[in-house]
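Single-letter residue listing:
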Amino acid sequence: MDAFSSTFLSTLSQHPKSLLSPNYSPNTSSSPSLKVSSVRIEERPQTTTRTKPQEKPTPSPYTAPKDTPKRQLPTKSITPKKTVEPPFPSVIFNAFDDFVNTFIDPPLKPSVDPKYILSNNFAPVEELPPTECEVVVGSLPPCLDGAYIRNGPNPQYLPRGPYHLFDGDGMLHSIKISQGKATLCSRYVKTYKYTIEREAGSPVLPNVFSGFNGLTASAARGAITAARAIAGQFNPTNGIGLANTSLALFGGKLFALGESDLPYAVKLAPDGDIITLGRYDFDGKLFMSMTAHPKIDPDTNEAFAFRYGPIPPFLTYFRIEPSGTKTPDVPIFSMTRPSFLHDFAITKKYAIFSDIQIGMNPLEFIAGGSPVSSDSGKIPRLGVIPRYAKDESEMKWFDVPGFNIVHAINAWDEDDGDTIVMVAPNILSVEHTLERMDMIHASVEKVKIDLKSGMVSRHPVSTRNLDFGVINPAYVGKKNKYVYAAIGDPMPKIAGIAKLDVSVAEADRRDCIVGCRLFGEGCFGGEPYFVAKNPNNSVADEDDGYVVSYVHNEKTGESRFLVMDAKSPNLDIVAAVKLPRRVPYGFHGLFVREIDLSKL
């Protein structure tokens with residue numbers, strides 16, 4: 001998720017029209033590894049181990065196994081980065097950038113030091129054209145006829161200064177499956193930012209989330225950015241987002257999303273290649289940005305969404321009809337100060353928003369402080385509004401002390417709509433969320449809101465460190481039983497997947513984990529995704545399907561696509577696909593069936 005990474009510049013984008021008529025989650029990275037002293041963009045990043053005198057260097061964890069067969073090179077070429085002779089203004093601006101990064105604001109903290117943030121499998125890779133993969137375990141189920149696509153940050157150019165995990169350009173990693181065969185493709189989302197920087201041959205826009213630390217650095221980078229805009233190197237009204245957080249299918253289109261910009265429409269070619277169609281504003285009705293986590297009602301095919309920002313209204317709610325038509329905005333002025341509102345939930349009657357202790361501080365940001373920080377004195381609350389509201393007159397807020405959520409899992413109505421139940425990971429030690437992900441712990445909780453009395457009750461359903469929880473998509477907004485969540489080891493590394501049964505009664509305060517798979521020593525995965533065996537079977541069991549995810553072995557440097565039996569207690573591996581090259585760790589994804597891919 002590019003999270004807040006360019007919201008402040010997005011406020012410059014006041015023109016309502018986008019360029020298309022034809023931007024983690026969650027997270028900041030502490031030090032994933034201390035082995036890397038330099039990083040290059042390549043298929044397997046080189047590592048240099050710091051050693052004491054007379055010690056032998058530790059072998060690179062990316063050395064391929066001796067029995068790895070040679071692979072046929074892809075026939076479709078990769079467009080190389082252009083060698084550009086920069087114009088004189090660019091030479092001057094780049095020199096100023098280097099001066100700021102070297103002398104004014106060098107990347108001293110591990111949370112913004114690219115040597116650590118981009119180490120091991122967090123390191124970026126080049127694009128990969130459609131390339132055949134080998135099924136090495138089992139066989140791919142027939143219902144997996146389509147593509148699993150996952151989004152994540154992958155910087156086009158190595159950072160010259162501070163770099164945060166949220167700051168990378170969006171890259172989609174798609175594994176297209178047909179008749180039991182799989183094809184992997186990795187492509188950048190061709191955002192406006194990506195395109196102008198590729199044409200320039202170097203970075204143009206700053207790493208906003210990590211690049212403004214202290215008044216001097218903020219003033220210097222702000223001045224350089226303004227000068228680049230004045231010189232015509234970029235136009236902020238065209239959007240400066242990264243589209244690096246998630247994907248969603250609604251309104252007949254597939255979108256790559258990042259909450260600091262408009263969506264980018266993408267599609268898959270018949271051979272599995274990923275094509276960016278362009279920035280999309282829904283006929284000029286979508287202004288500036290939208291959430292990376294819209295909610296799609298499986299029964300009505302409506303998409304519910306919002307945008308948030310540092311200027312009033314701090315929250316704006318809207319929906320998109322199945323035809324792709326956006327409804328009028330519903331500004332929420334009862335959110336009285338800017339909050340970090342990454343996700344939300346819907347029921348059949350309501351939309352639920354969280355106002356947590358993490359917030360945006362425009363004045364502190366202007367003065368050189370962090371754009372996002374936590375406020376320990378703030379009481380978190382949940383806001384409930386009818387999901388078809390025309391205005392905020394029926395919005396109700398409920399204090400929920402100590403309840404800080406970044407991702408929501410699901411919500412539903414009970415008692416004929418008088419009670420709302422919500423399931424979400426509660427972030428403990430919230431003050432560490434943005435800089436020390438390894439120090440936070442997320443406990444999945446169930447919250448009940450009595451809309452008549454105003455009473456709020458909550459209890460944990462699992463105390464294990466879990467996030468990135470997903471459900472069977474057919475149960476969005478409806479009462480569900482099962483959740484599949486990523487196990488932090490600690491976050492942002494994911495050691496396995498836990499299956500939870502959240503139907504356990506409130507009085508039974510036992511841990512609700514009913515299934516679990518750990519990937520093994522040195523192996524880490526990503527967000528799980530549930531794919532139903534037969535989505536058209538209304539009487540099928542909720543967990544009748546498969547859980548899929550990319551998994552990387554840091555000892556061998558090999559990445560695999562795993563298909564797991566969602567019903568089994570151990571989430572048994574049904575199929576494993578050996579990928580032709582590693583897939584970096586990322587954020588959110590989804591599975592799109594062939595019938596939907598063919599309509600894009």
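Because the structure is predicted, anything quoted here is derived from the model rather than measured.

## A short note on the nonpolar core
In this structure, Tyr-317, Phe-344, Phe-353, Ile-385, Tyr-484 and Leu-500 are the most contacted members of the largest nonpolar core, which totals 75 residues. Sort the elements by how many residues they give to this core and strand S25 (residues 482-488) lands first, with six residues. Once residues within four sequence positions are removed from consideration, Tyr-317 is found in contact with Phe-304, Ala-305, Phe-306, Pro-328, Asp-329, Val-330, Phe-344, Ala-351, Phe-353, Ile-385, Pro-386 and Arg-387. By size, the runner-up hydrophobic cluster in this structure holds 44 residues, among which are Leu-172, Ala-182, Ile-240 and Ile-274.

## Examining the UniProt feature "binding site: Fe cation" (unreviewed entry) in the chain
Look at the UniProt record and you will see "binding site: Fe cation" (unreviewed entry) annotated at His-293, His-342, His-407 and His-588. Spatially, the listed residues are clustered: although they cover 296 residues, their C-alpha atoms lie within 12.8 Å of one another. As for its position among the elements, His-342 is in the loop between strand S13 (330-332) and strand S14 (345-346). There is a polar contact of 2.7 Å between the side chain of His-342 and the side chain of Glu-259. With respect to the helices, strands and loops of the structure, His-588 is situated in the loop between strand S32 (573-578) and strand S33 (589-593). Here the side chain of His-588 touches His-293 through a polar contact of 3.3 Å, side chain to side chain.

## Some remarks on the pattern of salt bridges
Under the counting rule described, the total for this entry stands at 35 salt bridges. Measuring nitrogen to oxygen at the nearest pair gives 3.2 Å for the salt bridge that ties Arg-337 to Asp-375. One end of the pair, Arg-337, is in the loop between S13 and S14; the other, Asp-375, is in the loop between strand S17 (372-374) and strand S18 (381-386), and 38 residues separate them in sequence. The class for Arg-337 is partly exposed, based on a relative accessible area of 39%. Each of Asp-297, Asp-299, Glu-302, Arg-319, Lys-348, Arg-387 and Lys-478 takes part in salt bridges that share partners, so that together they form one network.

The rules behind each value
Residues numbered from 1 in each chain as written. Predicted model: local features only at pLDDT ≥ 70, side-chain atom pairs only at ≥ 80, totals over all residues. Heavy atoms only, no water. Core = buried A, V, L, I, M, F, W, Y, C linked by side-chain atoms within 4.5 Å. Buried < 20%, exposed > 50% of the residue type's maximum accessible area, 1.4 Å probe, protein only. Helix = DSSP H or I, 4+ residues; strand = E, 2+ residues; numbered from the N terminus. Contact = heavy atoms within 4.5 Å. UniProt positions renumbered as here; feature names shortened; annotations may be inferred. Polar contact = N/O pair within 3.5 Å; in protein donor to acceptor, adjacent residues only side chain to side chain. Salt bridge = Lys/Arg side-chain N within 4 Å of Asp/Glu carboxyl O.

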